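Chain by chain, the residues:
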Amino acid sequence: MRYRSPNSPNVAKCVMIMLYQMWEGTMADAFTYACRDCEGMEACPASVTAETEEEVWRLMQLHAQVAHNEDPAEWTRETRDYLATLIRPVSV
Ligand SMILES: [Zn+2]
C-alpha cells in the first residue's frame, strides 16, 4: 500500500488558490464596487467600475449622494474602512 500524506490534497488545493489569486492579481486592470455588497443596500442594483481605486471612491460617493441621499463627508473612518473592503480588483 502506498503511503499518502493526509494533508497533500489540501496543500495542492491551497497552492492552486494561491496561483489563481496571483494570476487574478496580474490580470486585474480595474476596480469595482457593487452597492448591493454593502450591508443594508442589497436592493440597490448600482455598481461602479473604474481604472483606479481613487476613481471608484469618487463614483461611490456620487452614487451615495444621488441614490441614497447620503453625505459622504459624514462617513466615519469605520464606514470608509468597511467600504474599502468591498472594492475588488477585476479584469475588464
Ligand atoms: Zn446604491
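In what follows, the accompanying structure is described. (Residues numbered from 1 in each chain as written. Predicted model: local features only at pLDDT ≥ 70, side-chain atom pairs only at ≥ 80, totals over all residues.)

1. Some words on the overall build of the chain
Helices and strands together make up the secondary structure of the chain, namely 3 helices and 3 strands. The order of helices and strands in the chain, counted from the N terminus, is α-β-β-α-α-β. For the chain, buried positions account for 4% of its 92 residues. In the chain, 45% of the contacts between residues at least 6 apart in sequence involve partners at least 24 apart. (Helix = DSSP H or I, 4+ residues; strand = E, 2+ residues; numbered from the N terminus. Buried ≥ 20, exposed ≤ 12 C-beta atoms within 10 Å, placed from the backbone. Contact = placed C-beta atoms within 7 Å.)

2. A few points about the sheet that holds strand β1 (residues 30-34)
Ordered in space as β2-β1-β3, the 3 strands form an open sheet in which the pairing is antiparallel. Each having just a single partner strand, β2 (47-50) and β3 (88-90) make up the two edges of the open sheet. Each neighbouring strand pair of the sheet contributes to a mean axis angle of 30°, computed without reference to strand direction. The pairing of β1 with β3 spans 3 bridges and is antiparallel. In the sheet register, phenylalanine 31 faces β3, and the bridge partner there is proline 89. Sheet strands in contact with helix α2 (residues 53-68) are β1 and β2, and its direction is about 155° off that of β2. (Pairing = 2+ DSSP bridges. Axes fitted to C-alpha atoms, helices over the stretch in contact; angles between N-to-C directions.)

3. A closer look at the pairing of β1
Regular strands place their side chains on alternate faces of the sheet. Only one face of β1 is buried: it carries Phe31 and Tyr33, and the other face, with Ala30, Thr32 and Ala34, is open. Pairing between β1 and β2: 4 bridges, direction antiparallel. The residue of β2 that forms the bridge with threonine 32 is threonine 49.

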